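Per-entry structural report
Listed here are the chains, written in short residue letters.
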Amino acid sequence: MEFVRSYAGLVDLENLPCHVKVIGADPTLPFAYLPTLDLVQMDTVDYDFLPEATHYLQLEKPAECAAALREYLDQAGR
């Protein structure tokens, strides 16, 4: 966790060269993290989460993850 936290602040979310969608764990669960530690950047992130999913959301809710990804790709025209 300390390793990840040390680099998380280096990502410049406003200047990423491509479209990015973050699909994360339920932020109301213990040990869940938002996509940035700098909450000022939160409005620059296309962020969604799967309710009642931990950071293993791809294993816990594979159909929901795939549906969220497909929806994003459809909206992005990909």
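Above this text sits the structure in question.
Parameters at a glance
Residues numbered from 1 in each chain as written. Predicted model: local features only at pLDDT ≥ 70, side-chain atom pairs only at ≥ 80, totals over all residues. Heavy atoms only, no water. Salt bridge = Lys/Arg side-chain N within 4 Å of Asp/Glu carboxyl O. Helix = DSSP H or I, 4+ residues; strand = E, 2+ residues; numbered from the N terminus. Buried < 20%, exposed > 50% of the residue type's maximum accessible area, 1.4 Å probe, protein only. Core = buried A, V, L, I, M, F, W, Y, C linked by side-chain atoms within 4.5 Å. Contact = heavy atoms within 4.5 Å. Patch = residues over 30% accessible without salt bridge, like charges linked within 9 Å, V, L, I, M, F, W, Y side chains within 5 Å. Areas by Shrake-Rupley, 256 points an atom, 1.4 Å probe, with all protein chains shown as cover. Expected span 1.5 Å × (residues − 1). Arc of directions from axis to C-beta.

A look at the pattern of salt bridges
Pairing between side chains becomes possible if they bear opposite charge and their charged atoms approach one another. Enumeration over the complete set of coordinates arrives at one salt bridge. In this structure, the salt-bridge partner of K21 is D46, at a minimum N-O distance of 3.4 Å. Pair noted here: K21 is in strand 1 (residues 21-24) and D46 is in strand 2 (residues 46-49), with a separation of 25 residues, a long-range link. Judged by relative accessible area, K21 falls into the partly exposed class, the value being 24%. Using a relative accessible area of 34% as the deciding quantity, one classes D46 as partly exposed.

Some details on the nonpolar core
Residues A25, L50, A53, L57 and C65 constitute the largest nonpolar core, which totals five residues. Residue contacts for C65: discarding those within four places in its chain leaves L50, L57 and Q58.

Description of a nonpolar patch on the surface
Residues V11, L16 and V20 make up a contiguous nonpolar surface patch of about 200 Å² in total accessible area. Within the element layout of this structure, V11 appears in the loop between helix 1 (2-8) and strand 1. Given the relative accessible area of 38%, V11 is considered partly exposed.

Focus on helix 3 (residues 62-76)
Across its 15 residues, helix 3 extends 21 Å between first and last C-alpha, which sits within 8% of the 21 Å expected from 1.5 Å per residue. By the burial criterion, the buried members of helix 3 are C65, A68 and Y72. Burial along helix 3 is one-sided: seen end-on, the buried residues are contained in an arc of 65°. The outward face of helix 3, more than 90 degrees from its buried face, is lined by the exposed residues A63, R70 and D74. Phi turns positive one or two residues past the end of helix 3, at G77, with a value near 75°.

Concerning unusual backbone geometry
Most peptide bonds take the trans configuration, and most residues that are not glycine carry a negative phi. One non-glycine residue, E52, adopts positive backbone phi at about 60°. Of note, E52 is situated in the loop between strand 2 and helix 2 (57-60).

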